[in-house]
Amino acid sequence: MQHLLVTGGAGFIGSNFVRWMLAKYPDLHITVYDKLTYAGLLQNLQDVAENYADRYAFAQGDIADAARVSEVLAAHNIDTIVNFAAETHVDRSILDPDAFIQTDVYGTYVLLEAARQAGKLRYHQISTDEVYGHIEGGHRSKETDNLAPRSPYAASKAGGDHLVNSYFITYGLPITISRGANNIGPYQYPEKALPLFATNALNDQPLPIYGDGQQRRDYQFVLDHCQAVDLILRQGVIGDTYNVGTGTEMTNLQMVEILLDELGKPSSLIRHVEDRLGHDRRYCLDVQKLMALGWEPDYTHEEAIRATARWYMENPWWWEPIRNGEFKEYYQQVYGNRKVLERP
Ligand code: NAD
Ligand code: DAU
């Protein structure tokens, strides 16, 4: 592993991963390949471009563009691909699934084929706990569980996972897959729950909680996810899949109470609104397999929520221009006419 191609590296988790890896490995080179959709922002990598100019490069492009992908692989002498590139927001997938199929399914195929043609490059796929669907009772999803995705986003990610596995079985491409829980931390686009709630609260605007707010999620700190991907790249068994999360869970309302406490804002900002279509009630991962590689999360849910809240408090330079751009139209579309629930 000497020269990584990090697709989707200008997004939330990808940019944290690039910063983390370049700081940790002084001989590593990274090229970020990113289409720069609404969620891909070069300012997420501004400090990286300044601090690691000799080991970092950026190439703009679509992962579904086979010619451009092959050109970039050859130009930068890439030996490993880590695919973070995706359409990632469930609510946008409900409004219009098209880009999700193009990028998360077809784009994944293009990358796999390019990796095969370039001489079986090492390939890691960033996937999600959402591919298991929502989990009833006390069960924790294991890597061997059947996939049962329920939103267009989750279904397109599951399609990607199946393709990755097929390239291992059929062609012997050296792949691994990680399935992460809900990440939170710096540089997360404010359409996602925690940064949306944090930035609304900082503006003294109501926080739109879908339904009763009793949905259960594993809110993990993004750097814990990045460390896990690094470990899997170095020590993961080729052909295997690894769940990545804290293995614990909390309700959305519990998350919001901690967030408001850290921001010093009142609970009266909470508004229960009409639920998301097909809203998954609970995700929870069994993370024993990753822990057997020697991994442990550094952050509890509460520490992750508080650290993230502080970052949004301290970095309005990053989120204020976003909220004043394309985001305004999106917000109006999703929340403008959303019914407020008196009794959730
Ligand atoms: P994000 O939306 O913040 O960033 C996605 C990045 O991909 C952006 O930079 C965007 O420009 C780029 N991109 C989108 N389509 C592209 C295309 N066709 N070609 C090239 N680049 C393209 O996403 P994120 O939250 O950082 O998620 C990164 C990955 O992690 C995704 O694969 C996602 O499914 C997965 N994941 C996310 C979470 C989470 O909680 N955010 C949890 C588990 C897994
Ligand atoms: O679980 C991993 C997944 O986590 C990733 O694969 C996705 O890319 C990422 O977007 C995230 O998906 P979720 O749908 O779980 O996250 P989101 O931040 O959109 O919502 C978290 C929870 O908060 C979920 O139960 C829905 C709820 N929610 C969300 C928004 C945006 C609200 O109650 N109100 C909101 O306005």
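Please refer to the structure placed before this passage.
Calculation notes
- Residues numbered from 1 in each chain as written.
- Chains lettered and ligands numbered in written order.
- Predicted model: local features only at pLDDT ≥ 70, side-chain atom pairs only at ≥ 80, totals over all residues.
- Heavy atoms only, no water.
- Near = heavy atom within 4 Å.
- Polar contact = N/O pair within 3.5 Å; in protein donor to acceptor, adjacent residues only side chain to side chain.
- Areas by Shrake-Rupley, 256 points an atom, 1.4 Å probe, with all protein chains shown as cover.
- Helix = DSSP H or I, 4+ residues; strand = E, 2+ residues; numbered from the N terminus.
- Pairing = 2+ DSSP bridges.
- Axes fitted to C-alpha atoms, helices over the stretch in contact; angles between N-to-C directions.
- Contact = heavy atoms within 4.5 Å.
- Buried < 20%, exposed > 50% of the residue type's maximum accessible area, 1.4 Å probe, protein only.

Trainee: Sorry, what's going on with the site of ligand 2 here?
Mentor: Around ligand 2 there are 27 residues in total, and Asp 129, Tyr 153, Asn 182, Arg 276 and Tyr 335 lie nearest to it. Note that an oxygen atom of ligand 2 is positioned 2.7 Å from one of the side-chain N or O atoms of Asn 182. For ligand 2, an oxygen atom lies 2.8 Å from a polar atom in the backbone of Ala 193. Protein chains bury 94% of the 680 Å² of accessible surface belonging to ligand 2 in isolation. Counting only elements with at least two residues in the shell around ligand 2, the list comes to α4 (90–95), α7 (193–202) and β8 (207–210).

Trainee: Mind showing me how you'd approach the sheet that holds strand β4 (residues 80–83) here?
Mentor: To summarise the sheet geometry, strands pair through backbone hydrogen bonds and adopt either a parallel or an antiparallel arrangement. Taken in spatial order, the seven strands of this open sheet run β3-β2-β1-β4-β5-β6-β11, and their pairing is parallel. Every other strand in the sheet has two partners, leaving β3 (56–60) and β11 (241–244) as the edge strands with one partner each. Taking the axes of each pair of neighbouring strands and ignoring which way they run, one obtains an average angle of 20° across the sheet. With four bridges joining them, strand β1 (residues 3–7) and β4 adopt parallel strand pairing. Bridging across to β4, Val 6 finds its partner in Val 82. In the packing of helix α3 (residues 66–75) onto the sheet, contacts are made with β1, β2 (29–34), β3 and β4, and the angle to β2 comes to roughly 170°.

Trainee: Looking at this model, I keep getting lost on the pairing of β11. Mind explaining?
Mentor: Where a strand is regular, its side chains alternate between the two sheet faces. Because side chains alternate across β11, one face comprises the buried residues Thr 241 and Asn 243, and the other comprises Tyr 242 and Val 244, equally buried. By the bridge criterion, four bridges tie strand β6 (residues 175–180) to β11 in an arrangement that is parallel. Bridge pairing in β11 places Gly 180 opposite Val 244.

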